[in-house]
Amino acid sequence: MKRVLVTGASGFVGRACLPELADRGFEIHAITRQVPCDSSATQWHVADLFDSPSIGSLMSRLQPTHL
């Protein structure tokens, strides 16, 4: 299984990438600082990229194959 972790997924470029990743068969996980956007193909995680322990824990749990 290809598992991607997307940062900036709620932004202009990131949002455009999500359907392309889904079409290519990725399991999509995205990080957001706010309430997650609605996307059935994306699993959203509320986190702050500057919070190293939180991000480290998320990375360990998800073990993405792609970033």
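In this numbering scheme, every chain counts its residues from 1 along its sequence in written order. Totals for whole chains, interfaces and linings use every residue, but because this is a predicted model, local features are given only for residues with pLDDT of at least 70 and side-chain atom pairs only at 80 or more, for both listing and counting. Side-chain descriptors were evaluated using all non-hydrogen atoms of the structure, hydrogens and water having been removed beforehand.

Visitor: Could you give an account of the pattern of salt bridges, with specific residues and numbers?
Guide: For this analysis, a salt bridge means a side-chain nitrogen from Lys or Arg found within 4 Å of a carboxyl oxygen belonging to Asp or Glu. Summed over all chains, the structure comprises 2 salt bridges. As a salt-bridge pair, Arg3 and Glu27 come within 3.0 Å of each other at their nearest N and O atoms. With a gap of 24 residues between them, Arg3 in strand β1 (residues 3-7) and Glu27 in strand β2 (residues 27-32) connect regions that are remote in the sequence. On the basis of relative accessible area, Glu27 is assigned to the partly exposed category, the value being 21%. Put simply, DSSP marks the helices as runs of H or I at least four residues long and the strands as runs of E at least two long, and each gets a number from the N terminus on. Throughout, exposure labels follow a simple rule: accessible area from a 1.4 Å probe, protein chains only, divided by the maximum for the residue type, with under 20% read as buried, over 50% as exposed, and the rest as partly exposed.

Visitor: Lay out the nonpolar core with the relevant residues and their values.
Guide: In this structure, Val4, Val6, Ala9, Leu18, Leu21, Phe26, Ile28, Ala30 and Trp44 together form the largest nonpolar core, which totals 9 residues. Secondary structure elements with two or more residues in this core: β1, α1 (12-23) and β2. Only heavy atoms enter the contact rule, under which two residues are in contact if any of them lie within 4.5 Å. For Val4, the contacting residues outside a window of four places in its chain are Leu21, Phe26, Glu27, Ile28, His29, Pro64, His66 and Leu67. Among the buried residues, those of types Ala, Val, Leu, Ile, Met, Phe, Trp, Tyr and Cys that are joined through side-chain atoms within 4.5 Å form a nonpolar core. One finds Leu5, Ile55, Leu58 and Leu62 within the second-largest nonpolar core, a separate group that totals 6 residues.

Visitor: So, the sheet that holds β2: which residues are in play, and what are the values?
Guide: Read from one edge of the open sheet, 3 strands run β1-β2-β3, paired in parallel fashion. In the strand order of this sheet, the two ends are held by β1 and β3 (42-46), each with one partner. For this sheet, the mean inter-axis angle between neighbouring strands, taken without regard to orientation, is 25°. Strands are treated as partners if at least two bridges between them are detected by DSSP. Pairing geometry for β1 and β2, over 5 bridges, is parallel. Each residue of the ladder has a partner; that of Thr7, found in β2, is Ile31. For helices, the axis comes from a line fit to the C-alpha atoms of the stretch in contact; other axes are also lines fit to C-alpha atoms, and the angle between any two N-to-C directions lies between 0 and 180 degrees.

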